[in-house]
Amino acid sequence: MTQRQSDKQKPEILAQQIVAQSRLFKIEQLELQFSNGELRTYERMRGSGRGAVMIVALPDPQHMYLVREYSAGTHDYQLGFPKGLIDPGEDILTAANRELKEEIGYGARRFVSLKSLALAPGYFNATMHIVLALDLYPERLTGDEPEPLEVVTWSRQQTTELLQQADFTEARSVAALLLAQQYLEANPDVFEQPA
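Draft legend 1. The arrangement of the pattern of salt bridges in detail. Following the criterion strictly, the structure yields 13 salt bridges and no others. Salt-bridge contacts for arginine 68 lead to glutamate 150; the nearest nitrogen and oxygen are separated by 2.9 Å. Residue arginine 68 is located in strand β5 (residues 63–71), and its partner glutamate 150 is located in strand β10 (residues 150–155); the two are separated by 82 residues in the primary sequence. Glutamate 102 is the salt-bridge partner of arginine 98, the closest N and O atoms lying 3.3 Å from each other. In this pair, arginine 98 and glutamate 102 both sit in helix α1 (residues 92–103), four residues apart, roughly one turn of the helix. Across the pair, glutamate 102 and arginine 98 agree in class, each one buried.

Structure representation (structure tokens):
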């Protein structure tokens, strides 16, 4: 296994400016100089810096909750795990609990952080934090969804079928499923731990 080269010199940012902007996105142009003297212009979408959360919620050892919601990018309904932005002043787990309450009507007493993922590091500086939610309890908060989300209960024994599901295509949800599955196989006693 190779380790990340932390001593590798990053390119120097010589100039940066916003070159396009919409209500949701900002496109930033970077003028870079690499350690070998090479000059390049890059563009990236500038994120808010707050990040987002995706939650694999487990009501019991055999099941998980997913939601089916409209996705504007593909103009269809996608099945995936509850997710959302981290609000100003929130930490990762507070945001995860709020999103659960808004999207599926449950909170969680315990969380396990699985991994923080870069969404598209070549052009977007956004991070998605994947967490497991355990010891669920009913509680609903009003969210910002334009229509009610369909909550889907899925058997953990049918992950192959989920991966074959025509509307389960979002890479972040696929990664979350595989990370959760790996963690649960390595930690089968996680459901027996006290809240």
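Draft legend 2. Structural view of the nonpolar core. In terms of nonpolar packing, the biggest core is built from 25 residues, with Met64, Leu66, Phe81, Ile130, Leu132 and Leu162 touching the most fellow members. Elements supplying a minimum of two residues to this core: β4 (52–60), β5, β8 (106–120), β9 (124–138), β10 and α3 (171–186). Ranked by residue count, the leading element in this core is α3, at five residues. Contact partners of isoleucine 130, with chain neighbours within four places excluded, come to Met54, Val112, Ser113, Leu114, Lys115, Leu117, Arg172, Ala176 and Leu179. Listed in part, the 15 residues of the second largest apolar core include Val53, Val67, Val131 and Leu136.

Draft legend 3. Local environment of the environment of leucine 141. The residue leucine 141 is located in the loop between β9 and β10 in this model. Take leucine 141: its relative accessible area is 35%, and that puts it in the partly exposed class. Separated by 38 residues in sequence, leucine 141 and glutamate 103 place their C-alpha atoms 8.2 Å apart. Once you skip the residues sitting within four places of it in the chain, leucine 141 turns out to touch Arg98, Lys101 and Glu102.

Draft legend 4. Region of interest: the packing of aromatic side chains. Evaluated as defined, the whole model comprises four aromatic pairs. An angle of 25° between the planes, with centres 5.4 Å apart, marks the rings of tyrosine 65 and tyrosine 106 as stacked. One end of the pair, tyrosine 65, is in strand β5; the other, tyrosine 106, is in strand β8, and 41 residues separate them in sequence. The partly exposed category is assigned to tyrosine 106, whose relative accessible area is 28%. A centroid spacing of 5.7 Å and a plane angle of 65° characterise the contact between tyrosine 70 and tyrosine 77, whose relative ring orientation is edge-to-face. Owing to a relative accessible area of 37%, tyrosine 70 belongs among the partly exposed residues under this scheme.

Draft legend 5. Looking closely at the side chain of glutamate 170. Here glutamate 170 is to be found in the loop between α2 (159–164) and α3. For glutamate 170, a relative accessible area of 18% puts it in the buried group. Apart from the residues lying within four places of it in its own chain, the contact partners of glutamate 170 are Met54, Gln78 and Lys83.

Draft legend 6. The environment of glutamate 31, seen in detail. Along the chain, the position of glutamate 31 falls in strand β2 (residues 26–33). Residue glutamate 31 is classed as partly exposed on the basis of its relative accessible area, which comes to 27%. Separated by 11 residues in sequence, glutamate 31 and tyrosine 42 place their C-alpha atoms 6.6 Å apart. Within the local environment of glutamate 31, its side chain forms a polar contact with the side chain of glutamine 29, the two groups lying 3.0 Å apart.

Draft legend 7. Structural context of α1. Its 12 residues place the ends of α1 16 Å apart at the C-alpha level, agreeing with the 16 Å of an ideal helix rising 1.5 Å per residue. Buried positions along α1 lie against β4, β5, β7 (83–85), β8, β9 and β10. Positioned one or two residues after α1, glycine 105 has a phi angle of 80°, which is positive.

The rules behind these values
- Residues numbered from 1 in each chain as written.
- Predicted model: local features only at pLDDT ≥ 70, side-chain atom pairs only at ≥ 80, totals over all residues.
- Heavy atoms only, no water.
- Salt bridge = Lys/Arg side-chain N within 4 Å of Asp/Glu carboxyl O.
- Helix = DSSP H or I, 4+ residues; strand = E, 2+ residues; numbered from the N terminus.
- Buried < 20%, exposed > 50% of the residue type's maximum accessible area, 1.4 Å probe, protein only.
- Core = buried A, V, L, I, M, F, W, Y, C linked by side-chain atoms within 4.5 Å.
- Contact = heavy atoms within 4.5 Å.
- Phe/Tyr/Trp six-rings, centres within 6.5 Å; stacked < 30°, edge-to-face > 60°.
- Polar contact = N/O pair within 3.5 Å; in protein donor to acceptor, adjacent residues only side chain to side chain.
- Expected span 1.5 Å × (residues − 1).

Purely geometric numbers; function is a separate question.
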